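Coordinate analysis (summary)
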Amino acid sequence: MNSPALLRCLLGSKKRAAVVVAFWVLIAGLLAGVAPALESVEDNASANLPPAASDSMKARDLVRAQLPGQDATPAIIVVRGKGTDAAKSATQSVAAITSALSGTSRPDHVVSVVSTVTAPDAAAELVSQDRGAQLVIVPMEGSPSDESFQNAVDEVRALASDRAGPADVAVTGPAGIATDTVKVFSGGDKVLLLATVVLVLIILLAIYRSPLMALVPLLAVGVAMRVAETLGAILADAGVITVSSQTASIMTVLLFGVGTDYALIITARYRETLLDEPDRARAMQAAVRRTAESVLASASTIVLAMFALLVAVSPALQGFGPYLALGVAVMALVAFTFIPALVLLLGKGVFWPGGVDKAAERSRGAGVWHRIAALVARAPVRVASAVIALLVVLSAGLLGYQESFNTLSGFRAATESEHGQHLIHEEFGPGEIAPSTVVVHSQDNLRSGPAPADIATALTDADRVSRVADPRMGKDGKTVFYDVVLDLDPYSSKALDAIGPLKQATQSAAQAAGVQDATVLIGGETAQNADIRSALDRDTTFIVLLVLALVTAVLVLLLRSLLAPLYLVATLILSFLATLGATTFFTVTVLGDDGIGNRVTAYIFVFLVALGVDYNIFIMSRFKQELRTQPPAKAITAALTRTGGVISSAGLILAATFAVLMTQPIRELFQFGFAMAFGILLDTFLIRPLLVPAIVRLLGDRALWPARPGTPTPSTPTPEPPSADAPAAQAAEPGSGRLLRAFTWIAVIEACTWAGLLVGMYLKYIPETTELGVRIFGTLHGAAFIAYVFLTVLAAIRLKWRLGRTTIFALLAAVPPFMTIAFEIWARRTGRLPQPAADPSPTPAL
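Residues numbered from 1 in each chain as written. Predicted model: local features only at pLDDT ≥ 70, side-chain atom pairs only at ≥ 80, totals over all residues. Heavy atoms only, no water.

1. Some remarks on the overall build of the protein
We count it as follows: Only DSSP runs of H or I with at least four residues qualify as helices, and only runs of E with at least two residues qualify as strands; both kinds are numbered from the N terminus onward. Only protein chains enter the area calculation, which uses a 1.4 Å probe; residues under 20% of their type maximum are buried, those over 50% are exposed, and those in between are partly exposed. Every residue pair with non-hydrogen atoms within 4.5 Å of one another is taken to be in contact. In these tables, accessible area is a Shrake-Rupley quantity obtained with a 1.4 Å probe, and a residue counts as shielded only by the protein chains included in the view.
Helix and strand content of the protein: 27 helices and 10 strands. Across the 846 residues of the protein, 54% fall into the buried class. In the protein, of all internal contacts separated by at least 6 residues, the share reaching a separation of at least 24 is 80%. Roughly 35,000 Å² of accessible area belongs to the protein as shown, and the carbon and sulfur atoms make up 61% of that amount.

2. Some remarks on the confidence of the model for the protein
The cut-off we apply is this: On a scale of 0 to 100, pLDDT captures the predictor's confidence in every residue.
Predicted confidence across the protein gives a mean pLDDT of 79, with 80% of residues reaching 70 or more. Low pLDDT, under 50, characterises residues 714-735; the stretch is placed with 29 contacts to residues that sit more than four places away or in other chains. The model gives residues 832-846 a pLDDT under 50, and that stretch makes 29 contacts with residues more than four places away or in other chains.

3. Quick look at unusual backbone geometry
As a rule of thumb, non-glycine residues mostly have phi less than zero, and peptide bonds are mostly trans rather than cis. A cis amide bond links W705 to the next residue, P706, at an omega of 10°. Looking at the element boundaries, P706 is found in the loop between α24 (667-699) and α25 (734-765). Residues other than glycine seldom take positive phi values, yet R464 does so here, at roughly 70°. By the element assignment, R464 lies in the loop between α18 (451-460) and β6 (465-468). Judged by relative accessible area, R464 falls into the partly exposed class, the value being 34%. With a phi close to 55°, R560 is a non-glycine residue in the positive phi region. Tracing the backbone shows R560 in the loop between α20 (525-559) and α21 (563-590).

4. A short note on helix α3 (residues 55-66)
How we decide: By this rule, a helix spans an expected 1.5 Å times one less than how many residues it contains.
For α3, spanning 12 residues, the distance from its first C-alpha to its last is 16 Å, which sits close to the expected 16 Å at 1.5 Å a residue. Inspection of α3 places D55, S56, M57, A59, L62, V63 and Q66 among the buried residues, and these make up the whole buried set.

5. Some remarks on the pattern of salt bridges
What counts is decided by this rule: Basic side-chain nitrogens of Lys or Arg form a salt bridge, by our definition, when they fall within 4 Å of a carboxyl oxygen of Asp or Glu.
This structure, assessed with the given rule, holds 16 salt bridges. For D168, the salt bridge is made with R80, and the minimal N-O distance between the two is 3.7 Å. Taken as a pair, D168 in strand β3 (residues 168-172) and R80 in strand β1 (residues 73-80) lie far apart in primary sequence, 88 residues in all. What makes D168 buried here is its relative accessible area of 16%.

6. A short note on the pairing of strand β8 (residues 479-486)
For a regular strand, side chains alternate in direction, first toward one face of the sheet and then toward the other. Convention followed: Strands are treated as partners if at least two bridges between them are detected by DSSP.
Judged by how many residues are buried, β8 sits mostly within the fold: seven of eight residues are covered. Relative to β8, strand β7 (residues 472-473) runs antiparallel, the two sharing two bridges. Across the sheet, R472 pairs through a bridge with F481, a residue of β8. With antiparallel pairing between neighbouring strands as the criterion, β7 and β8 make up a hairpin whose turn holds five residues, including G477 at a positive phi of roughly 75°.

7. Side note on helix α19 (residues 493-512)
This is how the line gets drawn: To get the bend at any residue, fit one axis to the seven residues that end at it and another to the seven that begin at it, then take the angle between the two axes.
Taking 1.5 Å as the rise per residue, α19 with 20 residues should run 28 Å; its terminal C-alpha atoms sit 29 Å apart, in good agreement. Along its length, α19 shows its largest kink, about 30°, at I499, and proline P501 lies within four residues downstream of that point. Burial in α19 covers these residues: A495, L496, A498, I499, L502, K503, T506, Q507, A509 and A510. Once α19 finishes, G514 follows within two positions and takes phi at roughly 90°, a positive value.

8. Regarding the pairing of β1
Burial analysis of β1 places six of its eight residues in the buried class, the great majority of the element. Of the pairings in the sheet, the one linking β1 to strand β2 (residues 133-140) comprises eight bridges and is antiparallel in character. Following the sheet pairing, V78 is matched in β2 by L135. Strand direction decides the pairing type here: β1 and β3, joined by five bridges, are antiparallel. Bridge assignment links V79 to a residue of β3, and that residue is V169.

9. Here we look at the side chain of T587
Secondary-structure assignment places T587 in helix α21. Owing to a relative accessible area of 0%, T587 belongs among the buried residues under this scheme. Sequence-distant contacts of T587, that is, excluding residues within four places in its chain, are made with G592, D593, I596, F670 and Q671.

10. Quick notes on the packing of aromatic side chains
Put simply, the test is: Pairing of aromatic side chains here covers Phe, Tyr and the six-membered ring of Trp, requires ring centres within 6.5 Å, and sorts the geometry by plane angle: under 30 degrees stacked, over 60 edge-to-face, intermediate tilted. Here, a charge over a ring means that NZ of Lys or CZ of Arg falls within 6 Å of the ring centre while also lying within 35 degrees of the ring normal.
Counted according to the given criterion, the structure contains eight aromatic pairs. On the basis of an interplanar angle of 70° and a centroid distance of 6.4 Å, the ring pair of F607 and F658 is categorised as edge-to-face. Placement of the pair is F607 in helix α22 (residues 600-626) and F658 in helix α23 (residues 632-659), with a sequence separation of 51 residues. Residue F607 is classed as buried on the basis of its relative accessible area of 2%. Ring geometry for F674 versus F678: centroids 5.9 Å apart, planes at 20°, classification stacked. Residue F674 and its partner F678 are both found in helix α24; the two are separated by four residues, about one turn of the helix. A network of ring pairs unites the aromatic residues Y603, F607, F658 and F672 as a single cluster. Its end group placed over the ring of F542, R538 keeps NZ or CZ at 4.3 Å from the ring centre.

11. Details of the packing of helix α2 (residues 14-34) against helix α13 (residues 321-346)
Here is the rule we go by: Lines fitted to C-alpha atoms define the axes here, with helix axes fitted over just the stretch in contact, and angles between the N-to-C directions of these axes take values from 0 to 180 degrees. Each angle is binned into one of four classes, with values under 35 degrees roughly parallel, values over 145 roughly antiparallel, values of 65 to 115 roughly perpendicular, and all other values oblique. For any pair of crossing helices, the crossing counts as left-handed if the nearer helix is rotated counterclockwise from the farther one by less than a right angle, and right-handed if it is rotated clockwise. When residues are sorted by character, Ala, Val, Leu, Ile, Met, Phe, Trp, Tyr, Cys and Pro go into the nonpolar class, Asp, Glu, Lys and Arg into the charged class, and all the rest, Gly among them, into the polar class.
Where α2 meets α13, the closest approach of the two axes is 8 Å, and the angle between their N-to-C directions is 130°. Here α13 runs oblique to α2, going by the angle between their axes. Like other packed secondary-structure pairs, α2 and α13 cross with a definite hand, here left-handed. When α2 is examined against α13, the residues K14, A17, A18, V20, V21 and W24 are found in contact with a partner set consisting of L333, V334, T337, F338, A341, L342, L344 and L345. In the contact of α2 with α13, the residues fall into 12 nonpolar, one polar and one charged.

12. Let's talk about the sheet that holds β1
With antiparallel pairing, the three strands of this open sheet are ordered in space as β2-β1-β3. In this open sheet, the two strands that pair with only one neighbour each are β2 and β3. On average, adjacent strands in this sheet sit at an angle of 15° to one another, irrespective of strand direction. Docked against the sheet, helix α4 (residues 86-102) engages β1, β2 and β3, running at close to 150° with respect to β1. Lying on the sheet, helix α17 (residues 416-428) is in contact with β1, β2 and β3; it crosses β3 at an angle near 115°.

Laid out in structure tokens, this is it:
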């Protein structure tokens, strides 16, 4: 886009602009005519599964291969009798329901019915202890994502409700949960789209004060969304990418937020250019040329961050990025071509009713940004310290951090499935909601020996096991299956932690029963969630490191600096910790959620870093441009005042679009929407206008090290107030003393929290586990360490890198981190650090 010839070709006149607009409209129309509907190619099942190579998925495959007919999806009907004789009421209701579902007029997809009527021998598992409640298992064939399957579940519910009489009845289980999930999402996308459009339009009208200019970003987003959705549908239909309902919802708000951001940046520079260039075509070309670098860097960062998700092994993360990367790439192309062309095509009318002159004059910056710039220039140390202190306080919310793997508890709307689970929990115990399937495979035939029964007896005595059903033999005679019910909520962290010990207990039981070299696998909801948790822990680590590396690389290339990317990335990390802490406090502590959705943390990090760095890119790019004509102190002031209004408006719109996700009845979307809105507002109104300029002000000529600003050539020299890089005598000024005292305290806190973390690690890995202690010390350390790094740089620059207390405290605070690393290595080598148990033998090939 920096090529003048290309810009003249696209934006040289109204006719050329009309061709560009017509091209995009034509492309959107043609793709819409050949692409399938996005809803028809959405895959909402695989996103909630663990990696295909995990033990739980191998167990599922063995069940399907060795137990014919077990691939059906069960609907579980819970019947609780009412009245003085609840047992009789429940029995009569179950008999009527069984009759209705067993006849020739039963709903399609119903394979069979398992109840006390059809399987009296299973009464011990189907009837509660007080006999007031019973279960009816209804296996259903077909895919839960098919509309016919969902209709069949609705028919089962209608029949059960009609035949249950006065008894309390609910249909839950995998079939019921899948159907309710679709219902919760149904219609949500339309509400989301309408709410986003209305909200963005209101904000744009307030910003532009022109109806036509406010419509330009919306039209651009509409074109980009249509092109991205149709391309995504084509690729998903071909099996190249996967798209889920949640991904589609996030795509909607992402394109509205990013698209309006790019539109604001380009049109704001266009209005500013009109002050000196009355020719609108040339002014637009200059605006696009001057914003190209920063907007391309922004789009590239988001696209690369989305593609970084491909390193994940979790389907929920791996399939999330490509579709969103496609959308952002399309939005960037539309922003550089369609938006400028449409503005030129509309002519002077785009600024109606205020006119061109008023629109151009507003580009000089509002008075509030001049006052903010003056505050930063007057007291950079106090500004930076205050912002960092606030972010550290917000990070303290992480003390209540925990994750949730319960899908139903994440619905913010009442569902029949959740009601059914509550009934099962009350009448049969928590583990009956989702039993685990223990699979034992041997190289020898197990049909005639006592080993299967001996293993079942041993499992009954295993820790956290409530009951074990009779073993089922696979068709090969070498594989035995046990339905094991835990005495824990199957979606709780304790239940997930119990899967490893259960596997070890099964291995020991098989060995004691004479089954040598047995392969043990565990399937079911709890085991799948345990595998999802392990995969997400691994993926999050890799994604964090890769995204930070990509963002740093983009900043290095954009700013031609090695130092600036470091402090900019540090602000992003601190922003993420503060956002996650505030989100945890609000949703878990205040609203009472079970925990943060298991994928939400990774989503927040990727999006907040990728989008939050945009505003740093915009202000630092402008700072770099201003350095050509002004000294650093004036350059950062000019960058802040000139970009303050437009970037704050862009951030407000982006935060508002993500906040719309809070209207969705899904916990993960609500938490993600709140976190993104909160984090973007932090970046927009604290970090970008206060913290980053304060750091740049303190660093002075070194802000873009190793690059140094050239000799500025301002049109009118203006006396510059003393900078932080004044002669060494200035090191004794009051600001330096306060900075050194703050640095000293932070260094002490940093050293103490590292020491506390050492104590917590000792308590965790030596005598017994204490998760809370490690979490508390880890949170305090993370916050103090980031603050310490900031103040180290600030103090060192302020004191001209002289030796003294700065160096001493830096060295002292660096000792404990190396001690923890050494402790970790020692704990692993000596076996004191818990390690996951390895399979003694490979999974048999099918």
